[in-house]
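Observations on the three-dimensional arrangement
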Amino acid sequence: MPGVEPLPKTTARPSIVAWLGIPFVLAMRIVDYPMRALQRALGEQRMAYVFLLPNLIFFSLFVFAPIVINVIFSVTGGPALFPSERPFVGAGQYAYLFDCGSYLDPSTCREDHFWRGVANTFRFTASQVVAMVLLSLLTAVVLNMKIRGRGFFRAVYFFPVLLSPVVVALIWKWILQRDGLLNAGIIGLGGERILFLVEPGWAMFWAVFVSIWAHMGFYTLILLAGLQAIPSDIYEAAEMDATPRWRVFLRLTLPLLWPNLIVVIVLALIRGVQTFDEVFVLTGGGPGTATLMIVQYIYETAFSNQVQNFGLAAAASVVLGVVLCLLTGLQLALSRRKAA
Amino acid sequence: MAELKLVDIKKSYGAAKILHGIDLDIADGEFVVFVGPSGCGKSTLLRIIAGLEHVSEGEILIDGHSVVGVPASDRGLAMVFQSYALYPHMSVFKNMAFALENMGLGRQEIDQRVRRAAQMLQLTDYLDRKPKALSGGQRQRVAIGRAIVRDPKIFLFDEPLSNLDAELRVATRKELAALHGQIGGTMIYVTHDQVEAMTLADRIVVLRAGRIEQIGTPLDVYNRPANLFVAGFIGSPRMNLLPGRVVGPDAIRIGNEPHMIAMPLPEGLHVDDEITLGVRPEHMDVTARDDADLAITLDLVEHLGGETYLYGSTPGLAQITVKQDGQTAYQRGTRLRLHFRRDAFHLFDVAGRALRAN
């Protein structure tokens, strides 16, 4: 080709990496010709969609299609599994779910377990988010200070995040059960045994506590990254401006950390609403329905009750999905308002 | 406004000694520039004065009162940072008002002070803007405004113009000089740019490796450098430093040059003493005379329009720089004869100390 210098010939023997690369190069050559033909036919712009297609197929198959099927299930009734065999009931499942004397009193609802799940999830999420944000913030601020063993403590706080939720729940169950580690300690100190997972108040407290313990490291990490992104010279300027420490925190650190705080609050909210595995393994939703969450309700309604009510479970999932969409919208709105 | 006295200031980080005993008096209302190459300790010294770094040894006196151990917030000084360090989420007004709110001043007083400073710095139209909506020069003016409103005892500037482009740097430099004339505060300014040092300072403090090499007015430091380091550091293009030897009364020989150069020598020099001759590029003339001091072959010619820089070499010496006014027609490879002006050369002894002719 004119204007192109030929590659210098090498006498060195090709390395093992070069040999391993041969199939890859061959495969690329084989793909090359049809792709070029396709690009000529479609043009460069439309070619982008060809590259997006594989992931779109997976998304459609495993995310979008189940959502559609779920919505179809929620407007159909009966025990049949295949949508074509299920009779259309319109908004019947939703009407059943929302049939309540008073929404503030689950016992007046026809599907009282759903509303107990809503109430429990709300209590769980509200207390968990507030405590999680405050504790993560405090931990991040402390771990951002020049303290001895900072790296060690950062690892210690992050470690629970690496554990599976089931493992977390089992560890704490072992600690909290009737003859668990904590009660052994209390009795050893002369106290009386407390039924942590049997008394409703304690069960909810420990559900929240264990969830915070398991996930706080992740949120602390987000806030720590935010704190470290604040330039140190801003704090030096504040020092030169004779700013009291509390004012530095309130007027500089918090506003500059706000984007990270939004992420933490909304992620914690979404995770709280979705909570299932940890609480299910720790308390089984009990005692009674004291720690029954919405997702557990959906799971049990669809799969573990004697009568498997797919339609009702699907309707509850759609309601949960709408709530999660609203929360995500809230996050986007807050982030955009801050960015503007 | 205040005067500052530094007594034997030392600073170490572990085993690394950064400052080796700095003594300095700065008078009330004086504009002093710390200049030196990277790593010489000039910014550390400024931060020690500010209170942002602890001093390892020594005494810092502001208006006669020791401030060692006094936190930065209680020293009553203001600092302008290289990165501006503006509060990004606050408007220009709030940036300037923040320190005043800390001082507990009333709304009206704060408003008055901020607007006065904004007017002085031509920022009135930008008071509601956030820093990200300002240009680099405007941000730097906000940083200066933030310092001015507090009416501090001493202004500290840490390479404030480094982040600006060349044109803006010149403009802001002039504004700073005018500002000092207007408000007249004691100002300490750190830079590695000798042009800023020469144009802004009442006095320059030249630092190297944690030690003061020379203190003096800009022209003093330029005309009478105390040693080889200062001679080489101050002046652009830098001074030609030519190693040589005394070969007779009032005669030296440089490099491998065969002939002697006749020039008045200070007392105390003897035949065979090693010396370094310093000649600034503007103090060399191209001559046609046979008794030229040096002959070079041109390696490079830089035409700047108003002046021309000639870079040439001769065996046994480092590259020689010659500055010529106006435009010249010399080409690369031309052989040039140079004459050193006898009223403007510098001599340094073997230890690098300046020798003064009688």
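In the block above lies the structure referred to throughout.
Residues numbered from 1 in each chain as written. Chains lettered and ligands numbered in written order. Predicted model: local features only at pLDDT ≥ 70, side-chain atom pairs only at ≥ 80, totals over all residues. Heavy atoms only, no water.

Let us look at the state of the cysteines. All names here are of chain A. Summed over all chains, the structure comprises one disulfide over all chains. Disulfide pairing places C100 opposite C109 at an S-S distance of 1.7 Å. Judged by the sign of its S-S torsion, about 110 degrees, the bond between C100 and C109 is right-handed. Taken individually, C100 and C109 each receive the classification buried, so the pair is uniform in this respect. (Disulfide = S-S within 2.5 Å. Buried < 20%, exposed > 50% of the residue type's maximum accessible area, 1.4 Å probe, protein only.)

For the rest of this paragraph, the subject is the nonpolar core. Within soluble globular proteins, side chains that are nonpolar tend to cluster in buried spots. Core analysis: the biggest nonpolar cluster contains 92 residues, and B:F34 and B:L156 have the highest contact counts within it. Counting residues per element, this core draws most heavily on helix α10 (residues 245–274) of chain A, at twelve residues. What B:F34 contacts, discounting residues up to four positions off in sequence, is B:L24, B:K42, B:L45, B:I49, B:I188, B:Y189, B:V190, B:T191, B:V205 and B:L207. In this structure, B:V92, B:I144, B:I204 and B:V221 belong to the second largest nonpolar core, which totals 45 residues. (Core = buried A, V, L, I, M, F, W, Y, C linked by side-chain atoms within 4.5 Å. Helix = DSSP H or I, 4+ residues; strand = E, 2+ residues; numbered from the N terminus. Contact = heavy atoms within 4.5 Å.)

Another point: the pattern of salt bridges. Counting across every chain of the model gives 26 salt bridges over all chains. For A:D179, the salt bridge identified is with A:R178, shortest N-O distance 3.7 Å. Its salt-bridge partner being B:D349, residue B:R353 comes within 3.3 Å of it at the nearest N-O pair. Relative accessible area serves as the criterion here: at 53%, B:R353 is assigned to the exposed category. Through salt bridges that share partners, A:R178, A:D179 and A:R193 make up one connected network. (Salt bridge = Lys/Arg side-chain N within 4 Å of Asp/Glu carboxyl O.)

Residue and element names in this part refer to chain B. For strand β17 (residues 307–313), the tally of buried residues reaches five of seven residues, placing the bulk of the element in the interior. In terms of strand pairing, strand β16 (residues 294–303) meets β17 through six bridges, oriented antiparallel. Paired with H303 across the two strands is T308, which belongs to β17. Counting the residues that bridge the hairpin from β16 to β17 gives three residues, and of these G305 lies at a positive phi of roughly 95 degrees. Pairing of β17 with strand β18 (residues 320–325), which is carried by six bridges, proceeds in the antiparallel orientation. Its bridge partner being in β18, L310 is matched across the sheet by V322. Hairpin connection, β17 to β18: the antiparallel pair is bridged by six residues, and G316 has positive phi, about 90 degrees. (Pairing = 2+ DSSP bridges.)

Residue and element names in this part refer to chain B. The topology assignment puts E53 in the loop between α1 (42–50) and β4 (57–62). A polar atom in the side chain of E53 sits 2.9 Å from the side chain of Y13. In this structure the side chain of E53 is engaged in a polar contact, spanning 3.2 Å, whose partner is the side chain of R47. The contacts of E53, once residues within four sequence positions are left out, are K11, Y13, R47 and I48. (Polar contact = N/O pair within 3.5 Å; in protein donor to acceptor, adjacent residues only side chain to side chain.)

Attention now goes to a positive patch on the surface. Residue and element names in this part refer to chain B. Taken together, the side chains of K94, R107, K130 and K132 define a basic patch exposed on the protein surface. With respect to the helices, strands and loops of the structure, K94 is situated in helix α2 (residues 92–102). With a relative accessible area of 44%, K94 lands in the partly exposed category. (Patch = residues over 30% accessible without salt bridge, like charges linked within 9 Å, V, L, I, M, F, W, Y side chains within 5 Å. Areas by Shrake-Rupley, 256 points an atom, 1.4 Å probe, with all protein chains shown as cover. Lys, Arg positive; Asp, Glu negative; His and termini not counted. Charge placed at Lys NZ, Arg CZ, Asp CG, Glu CD.)

Glycine aside, the phi torsion of most residues is negative, and most peptide linkages are trans. All names here are of chain B. Geometrically, the link from S236 to P237 is a cis peptide bond, its omega value of -5 degrees lying close to zero. Inspection of the secondary structure assignment puts P237 in the loop between α8 (228–233) and β11 (240–248). Although it is not a glycine, A85 adopts a positive phi angle of roughly 50 degrees. With respect to the element layout, A85 can be found in the loop between β6 (77–80) and α2. The phi dihedral of Q122 is positive, around 55 degrees, even though this residue is not glycine.

With that settled, consider the interface of chain A and chain B. With 17 residues of chain A in contact, the opposing surface of chain B contributes 25 residues. When the two sides are added together, the surface that chain A and chain B hide from each other amounts to roughly 1,800 Å², 56% of it contributed by carbon and sulfur. Viewed at the interface, chain B and chain A are joined by four salt bridges. Note that B:E101 is salt-bridged to A:R247, the shortest N-O span being 2.5 Å. Scanning the region where chain A abuts chain B turns up eleven residue pairs in polar contact (both at pLDDT 80 or more). The greatest single-element share of the side of chain A that touches chain B, amounting to seven residues, is contributed by helix α9 (residues 232–240) of chain A. Residues of the side of chain A that touches chain B, tallied by class, amount to ten nonpolar, one polar and six charged. (Buried area = accessible area lost by both parts, 1.4 Å probe. Nonpolar A, V, L, I, M, F, W, Y, C, P; charged D, E, K, R; others polar.)

So, about the environment of B:R211. Residue and element names in this part refer to chain B. Tracing the backbone through its elements, the reader meets R211 in strand β10 (residues 211–216). On the basis of relative accessible area, R211 is assigned to the partly exposed category, the value being 44%. Through-space distance from the C-alpha of R211 to that of C40 is 7.8 Å; in sequence the pair is 171 residues apart. Sequence-distant contacts of R211, defined by excluding residues within four places in its chain, comprise H20, I22 and V206.

For the rest of this paragraph, the subject is the packing of helix α1 (residues 16–42) of chain A against helix α2 (residues 44–74) of chain A. Residue and element names in this part refer to chain A. With their axes 7 Å apart at the nearest point, α1 and α2 run at an angle of 130 degrees to one another. The angle between α1 and α2 falls in the class oblique. Regarding α1 and α2, the two cross each other, and that crossing is right-handed. Taken together, the residues of α2 that come into contact with α1 (itself represented by M35, L38, Q39 and L42) are E44, R46, M47, V50 and F51. Partitioned by chemical class, the residues of the contact of α1 with α2 number six nonpolar, one polar and two charged. (Axes fitted to C-alpha atoms, helices over the stretch in contact; angles between N-to-C directions. Parallel < 35°, antiparallel > 145°, perpendicular 65-115°, else oblique. Left-handed = near helix turned anticlockwise from the far one by under 90°.)

Within α2(B), nine of the eleven residues are buried, which leaves it mostly tucked inside the rest of the structure. Of the residues making up α2(B), those classed as buried are B:V92, B:F93, B:N95, B:M96, B:A97, B:F98, B:A99, B:L100 and B:N102. Looking at the packing, one finds that the buried side of α2(B) touches α10 of chain A together with α3 (107–120) and α4 (136–148) of chain B.

Once that is clear, we can look at the packing of helix α8 (residues 200–229) of chain A against α10(A). Helices that pack against each other are described as a pair by the angle of their axes relative to one another and the distance between those axes. Residue and element names in this part refer to chain A. At a minimum axis distance of 9 Å, the contact between α8 and α10 shows a crossing angle of 155 degrees. Taken together, the axes of α8 and α10 lie roughly antiparallel to each other. With respect to the hand of their crossing, α8 and α10 are arranged in right-handed fashion. Along the contact surface, α8 presents H215, F218, Y219, I222, L223, A225, G226 and L227, while α10 presents T253, L257, N260, L261, V263, V264, L267, A268 and R271. Split by residue class, the contact of α8 with α10 holds twelve nonpolar, four polar and one charged.

Below, the discussion takes up the sheet that holds β18(B). Residues and elements named next belong to chain B. Spatial ordering of the open sheet is given by β15-β19-β16-β17-β18, a layout of five strands whose pairing is antiparallel. Looking along the sheet, the strands with just one partner apiece sit at the ends: β15 (284–286) and β18. Between one strand axis and the next, the sheet turns by 45 degrees as a mean value, whatever way the strands run.

Next up on the list: the packing of aromatic side chains. The relative placement of two aromatic rings is captured by the distance of their centres and the angle of their planes. Within the structure shown, the criterion is met by 29 aromatic pairs over all chains. Summarising the aromatic geometry, the rings of A:W206 and A:F209 are spaced 5.0 Å apart at their centres and angled 75 degrees between planes, so their arrangement reads as edge-to-face. Linking A:W206 with A:F209, this pair stays in helix α8, spanning three residues, or about one helical turn. The class of A:W206 is buried, set by a relative accessible area of 9%. With centroids separated by 5.6 Å and ring planes inclined at 15 degrees, the aromatic side chains of B:F229 and B:F233 adopt a geometry described as stacked. Remark: B:F233 and B:F229 occur in helix α8; sequence separation between them is four residues, near one turn of the helix. (Phe/Tyr/Trp six-rings, centres within 6.5 Å; stacked < 30°, edge-to-face > 60°.)

Keep in mind that these numbers describe shape and distance, not what the molecule does.
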